[in-house]
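If you want the building blocks of each chain, they are given just below.
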Amino acid sequence: AALEALREDPSAFEFVDSDVKDMLPRVRHVNLIDFAEGMSLSMMAQRKSERERMRLLTLAEKRFETAIASAPDNYLSQYHSGHTLYLQARESSIAASGMLFQRAAKKLEQAIFLQPAFALPYFDLSHVQIELACREPQAEVVQKLFISSLNNAREALKRNQRMCYD
């Protein structure tokens, strides 16, 4: 209600404490803390045994999800969430990995949508699509996944041959 009144006549509007509480402001920079925690956990996971690595990757992915919740347009959070899901899927059972690969694909596609010039999501998505193709029973779907994987690998190379941040 306060925002509507402010839009209607800004010069006659006066904020009071309850107006501010009703607006529920979102702090957008909190996502940097969650993103940094996710990155730290992800890096620590690289040096751990399989069981501890999965635990740290799960924690990292949760931090990236929290960062995405506060800033859904942050392509790096989307990418690292997808990359972390991809890493989890590679170390999971066949039964669990399919769902993780699908979730990873969605995050990587979102990162590409948000920042089409960023090469790494194309590269990871290419790998995810190969993994999904290997689990797919229908030949026509397998063919589409392999073609899409090849196209994403080409896009990654086109954007950055060294596969680093732009």
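Conventions we followed
Residues numbered from 1 in each chain as written. Predicted model: local features only at pLDDT ≥ 70, side-chain atom pairs only at ≥ 80, totals over all residues. Heavy atoms only, no water. Core = buried A, V, L, I, M, F, W, Y, C linked by side-chain atoms within 4.5 Å. Buried < 20%, exposed > 50% of the residue type's maximum accessible area, 1.4 Å probe, protein only. Helix = DSSP H or I, 4+ residues; strand = E, 2+ residues; numbered from the N terminus. Contact = heavy atoms within 4.5 Å. Salt bridge = Lys/Arg side-chain N within 4 Å of Asp/Glu carboxyl O. Phe/Tyr/Trp six-rings, centres within 6.5 Å; stacked < 30°, edge-to-face > 60°. Axes fitted to C-alpha atoms, helices over the stretch in contact; angles between N-to-C directions. Parallel < 35°, antiparallel > 145°, perpendicular 65-115°, else oblique. Left-handed = near helix turned anticlockwise from the far one by under 90°.

## Here we look at the nonpolar core
Counting 31 residues, the largest nonpolar core has Tyr79, Tyr86, Phe101 and Val128 as its most contacted members. Among the secondary structure elements, those contributing two or more residues to this core are α3 (30-45), α4 (50-70), α5 (75-90), α6 (94-114), α7 (119-135) and α8 (139-159). Among the elements that make up this core, the one with the highest residue count is α6 (seven residues). Excluding anything up to four places from it in sequence, Val128 contacts Tyr86, Phe101, Ala104, Ala105 and Leu108.

## Concerning the pattern of salt bridges
Throughout the structure, instances matching the rule amount to nine salt bridges. Measuring nitrogen to oxygen at the nearest pair gives 3.0 Å for the salt bridge that ties Glu37 to Arg63. With a gap of 26 residues between them, Glu37 in helix α3 and Arg63 in helix α4 connect regions that are remote in the sequence. Taking relative accessible area as the criterion, Glu37 reaches 37% and is therefore assigned partly exposed. Of the charged contacts, one joins Arg55 and Glu52 as a salt bridge, the two residues approaching to 2.9 Å between their closest N and O atoms. Within this pair, Arg55 and its partner Glu52 are both found in helix α4, separated by three residues, close to a single helical turn.

## Topic: the packing of aromatic side chains
For the structure shown, the criterion picks out four aromatic pairs. Pairing Phe35 with Phe64 gives two aromatic rings, centres 5.7 Å apart and planes at 55°, and the pair type is tilted. Taken together, the residues Phe35 in helix α3 and Phe64 in helix α4 connect sequence positions 29 residues apart. We classify Phe35 as buried; its relative accessible area is 17%. With centroids separated by 5.4 Å and ring planes inclined at 80°, the aromatic side chains of Tyr79 and Phe118 adopt a geometry described as edge-to-face. Separated by 39 residues along the polypeptide, Tyr79 in helix α5 and Phe118 in the loop between α6 and α7 bring together distant segments of the chain. Assessed through its relative accessible area of 4%, Tyr79 is described here as buried. Owing to a relative accessible area of 0%, Phe118 belongs among the buried residues under this scheme. Cluster of aromatic residues (ring-pair linked, three or more members): Tyr75, Tyr79 and Phe118.

## Some points on the environment of Asn151
One can find Asn151 in helix α8. Between the alpha carbons of Asn151 and Phe123 there is a distance of 9.8 Å; along the sequence they are 28 residues apart.

## Let's talk about the packing of α5 against α6
Where α5 contacts α6, the axes come no closer than 8 Å and their chain directions differ by 160°. Judged by the angle between their axes, α5 and α6 are roughly antiparallel. The element α5 and its partner α6 pack so that their crossing is left-handed. Counting all contacts with α5, which are made through Tyr75, Gln78, Tyr79, Ser81, Gly82, His83, Leu85, Tyr86, Gln88, Ala89 and Arg90, the residues of α6 involved are Ser97, Leu100, Phe101, Arg103, Ala104, Lys107, Leu108, Gln110, Ala111 and Leu114.

## Overview of the environment of Ala133
Structurally, the position occupied by Ala133 is in helix α7. Considering only alpha carbons, one finds Ala133 and Leu145, twelve residues apart in sequence, at a separation of 5.7 Å. When neighbours within four sequence positions are excluded, Ala133 is seen to be in contact with Val142, Leu145 and Phe146.

Bear in mind that shape data such as this cannot, by itself, settle questions of function.
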